[in-house]
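# Structural description and commentary
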Amino acid sequence: MSEKKIKPLNIITDGMNPVIKKHIEGVYYASTLISGMVWFETGEGAVVIDTLINIPSAEKVLNSIHEKIKFIIYTHGHADHVGGAKVFIADNPEIIANKYLPERFDRYKFLEPYRNLIAGMQFNVPSTIFGKGVKNYVYPTKIFLGDYTFKLGKYTFELHTGRGETDDAVWVYIPELNTAIIGDFIMGPWFPNIGNPWKPTRFALDWVKELERIRLLEPEYIFCSGGGYLFKGEQAKKAMNDNIEVIRSLHDQVVELINEGMHITEMIHTVKVPKHLNNSPFLKQNYSRPEFFVYNVYRWYHGYYDHNPAHLIPRPEREVMKEIYSLIGSKEKLINRVNKLFEQKQEQLALQVLDVLIQSEPEDIEALKLRMKLVKILAQDDTCVMSKNAYFYSTKEDKKTIRQIRKKSKDFPS
Ligand SMILES: [Zn+2]
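Residues numbered from 1 in each chain as written. Predicted model: local features only at pLDDT ≥ 70, side-chain atom pairs only at ≥ 80, totals over all residues. Heavy atoms only, no water.

### Looking at the overall build of the protein chain
- Counting secondary structure elements, the protein chain contains 14 helices and 13 strands.
- Against the globule reference of 22 Å for 414 residues, the protein chain gives a C-alpha radius of gyration of 24 Å, in line with a compact fold.
- The principal-axis extents of the C-alpha atoms in the protein chain amount to approximately 75 × 55 × 40 Å.
- The burial tally for the protein chain puts 54% of its 414 residues in the buried class.
- Across the protein chain, the fraction of contacts at a sequence separation of at least 24, relative to all contacts at a separation of at least 6, is 67%.
- Counting only carbon and sulfur atoms, one obtains 53% of the accessible surface of the protein chain, whose full area is about 19,900 Å².
- Taking the average place of the 55 positive charges on the side chains of the protein chain and the average place of its 51 negative ones, the gap between the two points comes to 6 Å. (Helix = DSSP H or I, 4+ residues; strand = E, 2+ residues; numbered from the N terminus. Rg over C-alpha atoms; globule rule 2.2 N^0.38 Å. Buried < 20%, exposed > 50% of the residue type's maximum accessible area, 1.4 Å probe, protein only. Contact = heavy atoms within 4.5 Å. Areas by Shrake-Rupley, 256 points an atom, 1.4 Å probe, with all protein chains shown as cover. Lys, Arg positive; Asp, Glu negative; His and termini not counted. Charge placed at Lys NZ, Arg CZ, Asp CG, Glu CD.)

Here it is as structure tokens:
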């Protein structure tokens, strides 16, 4: 067994250094590890699509935009697409977004404490990164639903709204360049982010329909992940085909299993990515993963009730666990079983059995240490940012709890 500590996967930092690339004369894109933007210099002004994640990143790009910014288009309201907008508004550009984007910004404001908490879990960043961001967000000056086209200089910008990773998506097609800018409808090389354990539902079926609509245009170039990635020709085709196939397949499997009445905890282990897509360079499971996809589609189509009357209006979990723990009657018995499961490499099951003890005795240091041991195993080969960081956060919190318990017993020895 490896003795290595769990390390978080850090994809957000405060002052990221964007890499700026030229596609063709007047068309540029910039990216950080998590965010991207692209801009088109039309001869009559620049059109900026997405704005990077925060002001320090955006400031490093500003001087590379050679024309007056006339339009900003948000592909959706996620922080990594809108966070730097303030830097680009000196010339009062029209800021265009989906009709539902302002509601997202409003939500981010009233959910700020929760969102700060989960930023720590999901991204291992201090709460201030997103807290500051929300206050800096720039609301659009024009919102729409459906299709909207405008021309500026040598280019036509055809905008279309849709639902995908969010309900407030916009993708853009420029016929003169046969280029589509599609936000997070494709996440660069990453498996589609259909499912995030902390966040509201994503729209798998709408997502795939929108990608199919984009594919019909046969774009030669696709800027995605805000513009952080550029796929060309055959690569663009394959990126679309693989994303479309995996979303259709997983979505349809979940629908079938819902109709068969399978329990969600069985479903996440039953639904599989088609074998031939397992090594697709466009579906790397470094951010989201299929289990999260399954939960998400299930949540969209299915209520919380799993048809078990014990779960309809349940007592608090902690109360139930305490009952079970008192029936087991012995901490030693429970710990022995957890250790046995650990030896049999059933860490997840062991973690759930151990939870009976932790929920009943939240200040049991031995139990917290055992949880850290199990979580370390679960995390060690995990390359998915969201699950790995969730495990890292749990361990960080357990260490903090142990320190507090020890301090308390020192201050007030029994
Ligand atoms: Zn996004």
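### Considering the coordination of the zinc ion
- Taken together, His 76 (NE2), His 78 (ND1), Glu 165 (OE) and Asp 184 (OD) make up the protein donors of the zinc ion, found 2.1 to 2.2 Å from the metal.
- If you look at the zinc ion, its four donor atoms make angles of 90 to 174° with each other, and the shape they trace is irregular.
- Each donor residue of the zinc ion belongs to the same chain, with the gaps between them written as H-x1-H-x86-E-x18-D. Pair noted here: His 78 is in the loop between strand E5 (69-73) and helix H2 (79-82) and Glu 165 is in the loop between strand E9 (155-162) and strand E10 (169-174), with a separation of 87 residues, a long-range link.
- Taking the relative accessible area as the measure of exposure, Glu 165 reaches 6% and is therefore buried. (Donors = N, O, S within 2.8 Å, 3.2 Å for Na, K, Ca; no water. Tetrahedral: all angles 85-135°; square planar, octahedral: opposite > 155°, others 65-115°.)

### A few points about the pairing of strand E12 (residues 221-224)
- Two strands pair when backbone bridges link them, and strand E11 (residues 179-181) and E12 are joined in this way by three bridges, in the parallel orientation. Bridge pairing in E12 links Ile 181 to Phe 223.
- A crossover connection joins E11 to the parallel E12 through helix H6 (residues 204-216); in handedness this β-α-β unit is right-handed.
- As defined by bridge partners, E12 adjoins strand E13 (residues 229-232) across four bridges and the pair is classed as antiparallel. Looking across to E13, one finds that Ile 222 is bridged to Phe 231.
- In textbook terms, the turn of a hairpin is the stretch between consecutive antiparallel strands, and for E12 and E13 this stretch comprises four residues, one of which, Ser 225, has a positive phi near 50°. (Pairing = 2+ DSSP bridges. Right-handed = clockwise from strand over helix to strand, strands pointing away.)

### Looking at a nonpolar patch on the surface
- Taken together, the side chains of Phe 110, Leu 111, Tyr 114 and Leu 117 define a hydrophobic patch exposed on the protein surface, amounting to about 400 Å² of accessible area.
- As for its position among the elements, Leu 111 is in the loop between helix H3 (101-110) and helix H4 (112-123).
- Assessed through its relative accessible area of 35%, Leu 111 is described here as partly exposed. (Patch = residues over 30% accessible without salt bridge, like charges linked within 9 Å, V, L, I, M, F, W, Y side chains within 5 Å. Salt bridge = Lys/Arg side-chain N within 4 Å of Asp/Glu carboxyl O.)

### A word on the environment of Met 16
- Positionally, Met 16 belongs in the segment before strand E1 (19-24).
- Residue classification places Met 16 among the buried positions, given a relative accessible area of 7%.
- Between the C-alpha atoms of Met 16 and Phe 223, which are 207 residues apart in sequence, the distance is 20 Å.

### Side note on the packing of aromatic side chains
- Tallying each qualifying case throughout the model produces 20 aromatic pairs.
- Ring geometry for Phe 144 against Tyr 148: centres 5.7 Å apart, planes inclined by 50°, an arrangement best described as tilted.
- Summarising the aromatic geometry, the rings of Phe 150 and Phe 157 are spaced 5.1 Å apart at their centres and angled 15° between planes, so their arrangement reads as stacked.
- Taking the relative accessible area as the measure of exposure, Phe 157 reaches 0% and is therefore buried.
- Among the aromatic residues, those joined into a cluster by ring pairs are Tyr 29, Phe 40, Phe 71, Phe 144, Tyr 148, Phe 150, Tyr 155, Phe 157 and Phe 223.
- Looking at Arg 115, its charged tip hangs above the ring of Tyr 108, at a distance of 3.7 Å from the centre.
- The residue whose ring lies beneath Lys 142 is Tyr 148, and the NZ or CZ to ring-centre distance is 4.4 Å. (Phe/Tyr/Trp six-rings, centres within 6.5 Å; stacked < 30°, edge-to-face > 60°. Lys NZ or Arg CZ within 6 Å of the ring centre and 35° of its normal.)

### Section: the pattern of salt bridges
- Applying the stated criterion across every chain, the model contains 18 salt bridges.
- A salt bridge links Glu 234 to Lys 237; the nearest nitrogen and oxygen atoms lie 3.3 Å apart. Highlighted residues: Glu 234 and Lys 237, both in helix H7 (residues 233-260), separated by three residues, approximately one helical turn.
- Judged by its relative accessible area of 58%, Glu 234 is exposed.
- Given a relative accessible area of 44%, Lys 237 falls into the partly exposed group.
- The salt bridge involving Lys 331 is made with Glu 366; its shortest N-O contact spans 2.9 Å. Placement of the pair is Lys 331 in helix H11 (residues 331-343) and Glu 366 in helix H13 (residues 365-380), with a sequence separation of 35 residues.
- For Lys 331, a relative accessible area of 28% corresponds to the partly exposed category.
- Using a relative accessible area of 43% as the deciding quantity, one classes Glu 366 as partly exposed.
- One network of salt bridges, with partners in common, ties together Arg 104, Asp 167 and Asp 168.

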